[in-house]
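# Structural overview
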Amino acid sequence: MWGGRFASGPAEIMEEINASIGFDKRLAPQDIRGSLAHVAMLGKAGILPAEDVAKIEAGLKTVRDEIEAGSFEFRRELEDIHMSVESRLREIVGPAAGRLHTARSRNDQVATDMRLWVRDTLDALDGQAADLQQALAELALTHAGTVMPGFTHLQSAQPVTFGHHLLAYVEMLARDRGRFRDARARLNECPLGAAALAGTSFPIDRHATAASLGFDRPTANSLDSVADRDFALEALSAAAIAAVHLSRFAEEIVVWTSAQFGFVRLSDRFTTGSSIMPQKRNPDAAELVRAKSGRIIGALSGLLIVMKGLPLAYSKDMQEDKEGTFDALQTLSLCLAAMAGMVRDLEPVPEVLKVAACSGYATATDLADWLVRELGLPFRDAHHVTGRLVGEASSRGIGLEALPLAVMQAEEPRITDAVFAVLGVENSVRSRTSYGGTAPDNVRAQAEGWLKRLAGEAA
């Protein structure tokens, strides 16, 4: 490639550290798309003769077919995907292949390839996140009225419904999808034609190249075009946040499927056994989703560290953008698929959920609210009265609903037997009718709204 300047080849260890073909070969589809757009533009601008353009286009399509068929030979001595494609193109079409690199550099070429790959992958991740939303909303609709404990500090707090809990993750995924789309919108500028760093003296049409590749516009500064990877950083940031959301849900599945909780069941399809303990059913899929978030977060941290000290424009350090980005986004894809499968496999146990919802004095807030609403107590006073009644019930080893009315009246004489209507968990969740609250009718409406919205997106 640079034989005119160098008299000998690289040392073996230099070849080992320098070559990227082992991982950047996955950019082959994007590399060929970019080259096809570039050569078409060169022809229309009159920079290359039509005969050469036709040869190069036909040759690139042949290379693409060979790669898709698995017959293409990737050779490490050719260093990267760009030179591998160009070398094979020369074998197919002869010297005309050397004209393909007119008015471009590997710097703007790889920046374009990476933007195309990240854009394609973000689109796929958005679709997978929508599928997970669909699975969650369907299960939420089925269990809109299934009572379960809501937790703060992993302590029983107030009753909610299982459907309401699932819809929380639908909302998180909606924001994740928004971040994917925001990242996509910002990266959708085309670096091709920025060349090595300064642009080119050839009369190229960068707007035409950008349009043919589906970009909104060409990048505006040639230095910035080749020097930054913030588009990959932003995609990784969005992926890391999404991975944290999946990890939190995975943790809940791990807890909920334990014998100590028994809130939900997973079938053999998403659990494994033990090599020594025959009774075990381990939620390994959920545990792996939880663990893989670390790889995704690590990729973001790694690329931030790679980029933080680089002067403009391109440095070879930036070759390290690929492996982490490829691995992280494909890992997130696997996690989204696994989580959607688990949600569709998940079987809640309503009777266990209800018993748990009734424990831990989860309706104490309902009692305090009743004292405010019916007796006109200031909330702080109602809070203290309720706290003392909870203490009394706890000392007797009974629930609030089992406290005798006379005991309640000893604390607050105006309490009537009407208070018992708010101490049941079903009554509690039905009363939470504020927008976004856990009342079953609210949950049904929210789940149906999401399913309608997702169906509209798919149409």
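A quick note: this is a predicted structure, and the numbers were derived from the prediction, not measured.

### What to know about the overall build of the chain
- Secondary structure summary: the chain contains 18 helices and six strands in total.
- Taken over the C-alpha atoms alone, the chain extends approximately 100 × 55 × 45 Å along its principal axes.
- Sorting the 459 residues of the chain into buried and exposed places 48% on the buried side.
- Considering only residue pairs separated by 6 or more positions, the chain has 75% of its internal contacts joining residues 24 or more positions apart.
- Accessible surface for the chain amounts to roughly 21500 Å². Of this, 53% is attributable to carbon and sulfur atoms.
- Here the chain carries 49 positive and 60 negative side-chain charges, and the mean point of each set is 1 Å from the other.

### Thoughts on the packing of helix H10 (residues 230-256) against helix H11 (residues 284-307)
- The N-to-C vectors of H10 and H11 enclose an angle of 160°; their axes lie 8 Å apart at closest approach. With respect to H11, the element H10 is oriented roughly antiparallel. Of the two possible hands of crossing, H10 and H11 adopt the one that is left-handed.

### What about the pattern of salt bridges?
- By the definition in use, this model includes 32 salt bridges.
- The salt bridge involving Arg-88 is made with Glu-91; its shortest N-O contact spans 3.0 Å. One end of the pair, Arg-88, and the other, Glu-91, are both in helix H5 (residues 81-93), three residues apart, so they sit about a helical turn from each other.
- Looking at Arg-88, the relative accessible area reads 25%, which means it is partly exposed.
- Salt bridges sharing partners connect three or more residues here, namely Glu-66, Arg-75, Arg-88 and Glu-91.

### Describing helix H3 (residues 28-44)
- For H3, spanning 17 residues, the distance from its first C-alpha to its last is 24 Å, which sits close to the expected 24 Å at 1.5 Å a residue.
- Within H3, twelve of the 17 residues are buried, leaving the element largely enclosed by the surrounding structure.
- In this structure, the buried residues of H3 make contact with helix H2 (21-24), helix H4 (50-69), H5, helix H6 (106-142) and helix H8 (206-212).
- With its phi angle positive at about 75°, Gly-46 sits one or two positions after the end of H3.

### Comments concerning the side chain of Asp-113
- Tracing the backbone shows Asp-113 in helix H6.
- Buried and without a salt bridge, Asp-113 has Arg-104 as its closest oppositely charged side chain, separated by 6.9 Å.

### Details of the packing of aromatic side chains
- What the rule picks out here adds up to seven aromatic pairs.
- Taking the centre distance of 6.4 Å and the plane angle of 75° together, the rings of Phe-249 and Trp-256 count as edge-to-face.
- Exposure remark for Phe-249: the relative accessible area of 2% places this residue in the buried category.
- With a centroid separation of 5.1 Å and an interplanar angle of 75°, the aromatic rings of Phe-261 and Phe-263 are classed as edge-to-face.

### Digging into the packing of H6 against helix H12 (residues 321-345)
- Put simply, H6 and H12 touch, their axes get as near as 9 Å, and they point 15° apart. Here H6 lies roughly parallel to H12, going by the angle between them. By crossing handedness, the relation of H6 to H12 is classed as left-handed.
- In terms of residue class, the contact of H6 with H12 is built from 18 nonpolar, six polar and four charged.

### Regarding the pairing of strand E1 (residues 147-152)
- Looking at chain direction, E1 and strand E2 (residues 155-161) are connected through six bridges and run antiparallel. Residue pairing across strands places Met-148 opposite Val-160, the latter belonging to E2.
- Between E1 and the antiparallel strand that follows it, E2, lie two residues; His-153 among them carries a positive phi value of about 60°.

### What to know about helix H13 (residues 350-358)
- The set of residues buried in H13 consists of Leu-353, Ala-356 and Ala-357. Considered in projection along H13, the buried side chains sweep an arc of 100° and stay on one side of the axis. For H13, the exposed residues lying more than 90 degrees away from the buried face are Glu-351 and Val-355.
- Among the structural elements, E1, E2, helix H7 (162-187), strand E6 (347-348) and helix H17 (425-431) are those in contact with the buried residues of H13.
- Of the residues trailing H13, Gly-360 is marked for its positive phi of about 75°.

### A look at unusual backbone geometry
- Cis rather than trans, the peptide bond between Leu-312 and Ala-313 has omega equal to 10°.
- Mapping Ala-313 onto the fold places it in the loop between H11 and H12.
- At Ala-103, a position not held by glycine, the phi torsion is positive, near 65°.
- Topologically, Ala-103 is positioned in the loop between H5 and H6.
- The buried category is assigned to Ala-103, whose relative accessible area is 7%.
- A positive phi angle is found at His-153, which is not glycine, with a value near 60°.
- Here His-153 shows up in the loop between E1 and E2.
- For His-153, a relative accessible area of 75% corresponds to the exposed category.

### A few points about a nonpolar patch on the surface
- On the surface, Leu-197, Leu-223 and Leu-312 cluster together into a nonpolar patch covering about 270 Å² of accessible area.
- Residue Leu-223 is classed as partly exposed on the basis of its relative accessible area, which comes to 33%.

Definitions and limits used
- Residues numbered from 1 in each chain as written.
- Predicted model: local features only at pLDDT ≥ 70, side-chain atom pairs only at ≥ 80, totals over all residues.
- Heavy atoms only, no water.
- Helix = DSSP H or I, 4+ residues; strand = E, 2+ residues; numbered from the N terminus.
- Buried < 20%, exposed > 50% of the residue type's maximum accessible area, 1.4 Å probe, protein only.
- Contact = heavy atoms within 4.5 Å.
- Areas by Shrake-Rupley, 256 points an atom, 1.4 Å probe, with all protein chains shown as cover.
- Lys, Arg positive; Asp, Glu negative; His and termini not counted.
- Charge placed at Lys NZ, Arg CZ, Asp CG, Glu CD.
- Axes fitted to C-alpha atoms, helices over the stretch in contact; angles between N-to-C directions.
- Parallel < 35°, antiparallel > 145°, perpendicular 65-115°, else oblique.
- Left-handed = near helix turned anticlockwise from the far one by under 90°.
- Salt bridge = Lys/Arg side-chain N within 4 Å of Asp/Glu carboxyl O.
- Expected span 1.5 Å × (residues − 1).
- Phe/Tyr/Trp six-rings, centres within 6.5 Å; stacked < 30°, edge-to-face > 60°.
- Nonpolar A, V, L, I, M, F, W, Y, C, P; charged D, E, K, R; others polar.
- Pairing = 2+ DSSP bridges.
- Arc of directions from axis to C-beta.
- Patch = residues over 30% accessible without salt bridge, like charges linked within 9 Å, V, L, I, M, F, W, Y side chains within 5 Å.

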